[in-house]
Amino acid sequence: MRYQRPKGTADILPGDSEKWQYVEQTARDLFKTYQFKEIRTPMFENFEVFSRSAGDTSDIVTKEMYDFHDKGDRHVTLRPEGTAGVVRAFVENKLYGPQVLKPYKVYYMGPMFRYERPQSGRLREFHQLGVEAFGSESAALDVEVIAMGFNLLKKFGLNDLKLVINTLGDQQTRDDYRQALIDYLEPHFDELSDDSKERLHKNPLRVLDSKAPEDQKFVADAPSILDYLTPAAQQHFDQAKAYLEALEIPYEVDATMVRGLDYYNHTIFEIMTNSKSLGQGYTTICAGGRYNGLVKELGGPEVSGVGFGLGVERLLVLMDAEKVAVPTDDHLDVYVVGIGDAASATTLKLVQAVRGAGLTAERDYLDRKPKAQFKSADRLNARYTMTVGDSEIEAQVVNLKEMATGEERKVAMADIFNDVKQVLTAK
Ligand code: ATP
Ligand code: MG
């Protein structure tokens, strides 16, 4: 029996995990400057958390959910995205209370699960970085969230980006537009995909989001939601655009863009790239928007939210394709070379002393000859070697060698145990 990882999953090995750490740390540092704090929610939730939030007609809920009944017959699901769980936690922990500073701003990062057909940049277990901000209706917050996503991608050295925005307006806008779409699509009912036939009356906006070619030919001539905006919705959208212009963030408006979640309203956005590494045409790597109805839908008060999710795998594919250099620090501070069996306890004490000072240290564990140990030191990019054999132990010294210069000197072991950093910097 040969065991293989489940289809659509990946092992992230040393060599790659450094890139992940770099991405995560860069995101943490940036989010901190915007005063977003980390939230960690469970990897699985009750099924209803997602069916209520993403909407019963979304691809995520109808086709992509890893849901099952547990041994207590509870219907649970591995999270397919981050927002619903964060909103559930926001409601459950009453983070809208008077003692909480508004807006309430959080970020998350971690694995998500969707039953999809795996391909480049599309997995069954994948990872998202995301942010959510609750409790302000201001378009300035929409733009802050967009700017944060945009600047994050720029920090990763990605410049060939396209920001596409749209508005889904308020409830009145949606109701009016919904009817206009139904009126437009109904005469073509027989030509629509099966999914779209199903969704036409439940949620016609979904038809615009369909990837089926038979649906896409109706998208171009569909009525534009921009013609159905109420004055308040128009004002919010105009504000958002004005703020983007104030920040000199270039954008395009695509009136046919709708998002996968049902509870989006007002500003929605996608940040896309044209990179061939992710397939033909534009691919979205960061997507989000405002969802003023979601907190209420999940049992909370009427509190608005806005956020985005960013796919880490797609980001890394892009960074590789664009040859973005990830800063790596793969040197070793000290390799301790032991000569003879009797040296083992001493080399062990020495590596521990170096590590105790916060430096990196390694030694041999395979009874290799000194020559092979020096080879290991080279392969590990050691800055220093410390060599100990019988005579060094007798004299309680080590032979310290600086690899770059080849310079060697004897150093008292007591000094190393006392302050190894001082020893290494002393000349
Ligand atoms: P798509 O249209 O590509 O299926 P989506 O609309 O389902 O994307 P969202 O739910 O908005 O995607 O998720 C936000 C981001 O998460 C996407 O832009 C993408 O970068 C990433 N993402 C979504 N699904 C996957 C997946 N199966 N594997 C890897 N990354 C994914
Ligand atoms: Mg999808």
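None of these values were measured; they are calculated from a predicted model. Residue positions are given per chain, counting from 1 as you read along its sequence in written order. All chains are assigned letters beginning at A, and all ligands numbers beginning at 1, according to the order in which they are written. At least 70 in pLDDT is required for a residue's local features to be given in this predicted model, at least 80 for side-chain atom pairs to be given and counted, and no such filter applies to totals for whole chains, interfaces and linings, which use all residues. Here the side-chain values reflect all heavy atoms present in the structure, with hydrogen atoms and water set aside.

Q: Looking at this structure, how should I read helix α5 (residues 139-155)?
A: Along an α-helix, a turn takes 3.6 residues, which lines up residues three or four apart on a common side. Taking 1.5 Å of rise per residue, 17 residues should cover 24 Å, and α5 covers 24 Å from first to last C-alpha, within 8% of that figure. Three exposure classes are used, based on accessible area relative to the maximum for each residue type with a 1.4 Å probe and protein chains only: buried under 20%, partly exposed in between, and exposed over 50%. Only DSSP runs of H or I with at least four residues qualify as helices, and only runs of E with at least two residues qualify as strands; both kinds are numbered from the N terminus onward. The buried fraction of α5 amounts to 12 of the 17 residues, a majority that puts the element mostly inside the structure. Residues Ala 139, Leu 141, Asp 142, Val 143, Val 145, Ile 146, Ala 147, Met 148, Gly 149, Phe 150, Leu 152 and Leu 153 constitute the buried set of α5. Phi for Gly 157, located one or two positions after α5, is positive at around 85°. Working rule for helices: expected span equals 1.5 Å times residues minus one.

Q: Just checking my understanding: could you explain the domain arrangement of the chain for this structure?
A: Quite often, the size of an interface is put as the accessible area lost when its parts meet. These domain limits were set by an automatic method or by a database of domain assignments. One can read the domain layout of the chain as domain 1 (17-170 + 230-321) and domain 2 (332-425). Between domain 1 and domain 2, the C-alpha centre-to-centre distance is 50 Å.

Q: I'm lost on the pairing of strand β9 (residues 265-273) in this one. Help?
A: The side chains of a regular strand alternate, first on one face of the sheet and then on the other. Of all 9 residues making up β9, 9 are buried, and the element is well covered by its neighbours. Note that strand β7 (residues 161-167) and β9 share 7 bridges and pair antiparallel. When the bridges of β9 are listed, Ile 165 appears paired with Phe 269. A pair of strands is considered paired only if DSSP assigns at least 2 bridges between the two. Across 7 bridges, the pairing between β9 and strand β10 (residues 283-290) is antiparallel. The residue bridging Ile 268 from the neighbouring strand is Gly 289, located in β10.

Q: Could you clarify how one ought to interpret helix α13 (residues 344-356) in this entry?
A: A rise of 1.5 Å per residue sets the reference length of α13, with its 13 residues, at 18 Å; its end C-alpha atoms lie 18 Å apart and thus fit the reference within 8%. Buried residues along α13 sit against β12 (332-338), β13 (361-363), β14 (382-388), α15 (390-395), β15 (397-402) and α16 (413-425). Looking at the residues trailing α13, positive phi occurs at Gly 358, about 90°. Note on contacts: a residue pair is in contact if any heavy atoms of the two residues lie within 4.5 Å.

Q: Can you walk me through the pairing of β10 in this structure?
A: By the criterion of burial, β10 is predominantly enclosed, with 8 of the 8 residues buried. Relative to strand β11 (residues 305-311), β10 is paired through 5 bridges, and the arrangement is antiparallel. Paired with Arg 290 across the bridge in β11 is Val 306.

Q: How should I be thinking about the side chain of Ser 193 in this particular structure?
A: In this structure, Ser 193 sits in the loop between α6 (171-185) and α7 (194-202). In this structure the side chain of Ser 193 is engaged in a polar contact, spanning 2.6 Å, whose partner is the side chain of Asp 215. For Ser 193, the residues in contact, after removing those within four places along its chain, are Ser 210, Ala 212, Glu 214 and Asp 215. For the purposes of these results, a polar contact is taken to be a pair of N or O atoms within 3.5 Å, where, inside protein, one atom must be able to donate a hydrogen and its partner to accept one; residues adjacent in sequence count only when each atom of the pair is a side-chain atom.

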